Every structure is written in C-alpha cells, then in structure tokens.
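# Analysis of the macromolecular model
Listed below, chain by chain, are the residues.
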Amino acid sequence: MQPSPPKTLTELLQRANHIAGLTLAELAQELGKKVPPDLKRHKGWVGNLIEVALGASAGSKAEQDFQALGVELKTIPINRLGKPLETTFVSLAPLTQTFGVIWETSHVCYKLTQVLWIPVEGERQIPLAERRIGCPILWRPNASQTQRLRQDWEELMEYIVFGRLDEIHAGIGEVLQLRPKGANSRSLTKGIGRNGEIIETLPLGFYLRKNFTQEILTDFLAN
C-alpha cells in the first residue's frame, strides 16, 4: 500500500531514515512490489520504488515530487566509495517559447531549490535485490553552487535562444550539461533554428554532472 504524501518535512525525513539501510528487496516486500531481475527493461524502477515508499505525489508531472513541502526527490546510484555512478537528470530544456525566461523562474532553479537525495548502491556486480539504500541528504544549494548552476544554465540557454542547437554538446558547462533526452533518435520535438524558424530536433535535458553531485555527498559526510 502506498503511503499518503508526508504533511511535514520532519515526517518526510522520518520516512527516508526508516528505509535507510534496507535492501531494495526488503523495501519492495514492505510495499508489496516485485523486484525485476535487472534494470535493462526497468529503467527508473529504483526511483519509482523510493517515490512510493516516501509518498511522493508528482509522478511524471513537471512539479516537485513533494510540492507542498517544496522538495524534489532524487535517487543517486553510488559505488562502494560513495561516488556517483551517473549524471542526474533535472528537467527538460525549453526549446521554444524561451523569450523572457530567466534563471530565477526556470524549471531547473525550481527543481533544485531543495532536494532530498537518496543514495542507493548501484554497482552492477551487486544483484539488484541486494542493493542497499543509504542515508537521506536534504540539500539546498549554497551561494557558490547557485552561482555555478546559474552560470551554466545561462550559457546553455544562449545556445537554445539563438538557434545554435547543433553546437550543443555534453562538454559545455562546469556543473550542468545538456544532453538528448528522447527515448531514441526518432523522438523529435520542436526547436528554434538559426534564423528563428521552427525546426524538428531531439528533446534536450539538463543534467547535473557527477563532480557536482559528488560535492554534495562529500559536504554531507564532512558535517
């Protein structure tokens, strides 16, 4: 049975601390869910399981997972040394109707205002059912982190606004990057071309680089 959304931040953190230390199989059993053999055909299963356990209400909507509390939920796969194994998706990039969009009202800023990070063992040699859930980290970007995020976002949005989509690559940005987000190369959407015309292009998503999420994890362990 899926818990109802938590009413307070304290309640959310209590739930997150309750599942810390459990294996994915133990949590799945608590919730009456079945563990798939692997994630090849079940991408997103771990994140969905944690969402259900904590009572997240957003699902696939473009709002924060715990909108009433102003908290976004992010699971993060880590190795045995506590280092992130992959980049973290934040939100889809707006490829049209970008006039007047600024950092403070951007979806990336909104999503990263306050994040509950749930580390999960992610090394492939550990069977999915046996992977353990780590301690929750409630994070708000500090002034330096906000400035770096904003700087990267503004640089990347310039490419979009001026129709330079063909120049975008994953190497741009210190802590934030833009990458294709479609299911495959046939998943096209509308974008702006160099002359302001509407073109067909791949959907793009903003991702946090591993060095940035590593910084968040390191800061948590240091305190």
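Further up the page is the structure itself.
Structure report, in brief. (Residues numbered from 1 in each chain as written. Predicted model: local features only at pLDDT ≥ 70, side-chain atom pairs only at ≥ 80, totals over all residues. Heavy atoms only, no water.)

### Thoughts on the sheet that holds strand 1 (residues 72–78)
The test is simple: DSSP bridges decide pairing: two strands pair if at least two such bridges lie between them. Runs of H or I in DSSP of at least four residues are treated as helices and runs of E of at least two as strands, each being numbered from the N terminus. Angles run from 0 to 180 degrees between N-to-C directions of axes, and those axes are lines fitted to C-alpha atoms, restricted for helices to the stretch in contact.
Strands sit in the order 1-3-4 across an open sheet of three strands; the sheet is mixed. The open sheet is flanked by strand 1 and strand 4 (137–139), the only strands paired with a single partner. Strand-to-strand twist across the sheet, computed as the mean angle between neighbouring axes with direction ignored, equals 30°. When strand 3 (residues 115–121) meets strand 4, the two strands line up antiparallel, connected through three bridges. Residue pairing for strand 4: V115 is matched across the bridge by W139.

### Points about the side chain of N79
Heads up, the condition is: Should any heavy atoms of two residues lie within 4.5 Å, those residues are counted as being in contact.
Topologically, N79 is positioned in the loop between strand 1 and strand 2 (88–92). Look past the residues within four positions of N79 in its chain and what remains in contact with it is L85 and E123.

### Overview of the layout of surface pockets
Under the convention used in this document: A 1.4 Å probe that fits but cannot get out identifies a cavity on a 1 Å grid over protein atoms alone, an open set with protein on both sides within 12 Å along at least five of seven lines counts as a pocket, and a residue lines either if it has an atom within 4 Å of a point. Grid points are joined across faces, edges and corners, and a volume is the space filled by probe spheres set on the points. Classification convention: Asp, Glu, Lys, Arg as charged; Ala, Val, Leu, Ile, Met, Phe, Trp, Tyr, Cys, Pro as nonpolar; all other residues, Gly among them, as polar.
Taken as a whole, the second largest pocket holds about 180 Å³ of empty space. Those elements that place two or more of their residues in the lining of the second largest pocket are strand 3 and helix 6 (210–222). The biggest single contributor to the lining of the second largest pocket is helix 6, with three residues. Residue classes in the lining of the second largest pocket are distributed as eight nonpolar, two polar and two charged.

### Thoughts on the packing of helix 5 (residues 143–161) against helix 6
Packed helix pairs are specified by the crossing angle of their axes together with the interaxial distance, meaning the distance between the axes. How we decide: Each angle is binned into one of four classes, with values under 35 degrees roughly parallel, values over 145 roughly antiparallel, values of 65 to 115 roughly perpendicular, and all other values oblique.
Direction vectors running N to C along helix 5 and helix 6 enclose 170°, while the axes themselves pass 13 Å from each other. Viewed along their axes, helix 5 and helix 6 adopt a mutual orientation that is roughly antiparallel. Contacts from Q145, R148 and L149 of helix 5 reach helix 6 at F212, E215, I216 and D219. In the contact of helix 5 with helix 6, the residues fall into three nonpolar, one polar and three charged.

### A closer look at the environment of D152
What counts, and what does not: Relative accessibility thresholds used throughout: buried, under 20% of the residue-type maximum; exposed, over 50%; partly exposed, between the two (1.4 Å probe, protein chains only).
When you line up the elements, D152 lands in helix 5. Classification of D152 by relative accessible area gives buried; the value is 5%. Spatially, the C-alpha atoms of D152 and E174 are 6.7 Å apart, while their sequence positions differ by 22 residues. Not counting residues within four places of it along the chain, the set of residues in contact with D152 comprises G173, E174, V175 and L176.

### Some details on the sheet that holds strand 5 (residues 176–180)
If you walk across this open sheet you meet the three strands as 2-8-5, and the pairing is antiparallel. Either end of the sheet is taken by a strand with one partner, and the two such strands are strand 2 and strand 5. The mean inter-strand angle of the sheet, taken between neighbouring strand axes irrespective of direction, is 35°. With five bridges joining them, strand 5 and strand 8 (residues 204–208) adopt antiparallel strand pairing. Bridge pairing in strand 8 places L178 opposite F206.

All quantities given are derived from atomic positions and should not be read as evidence of function.
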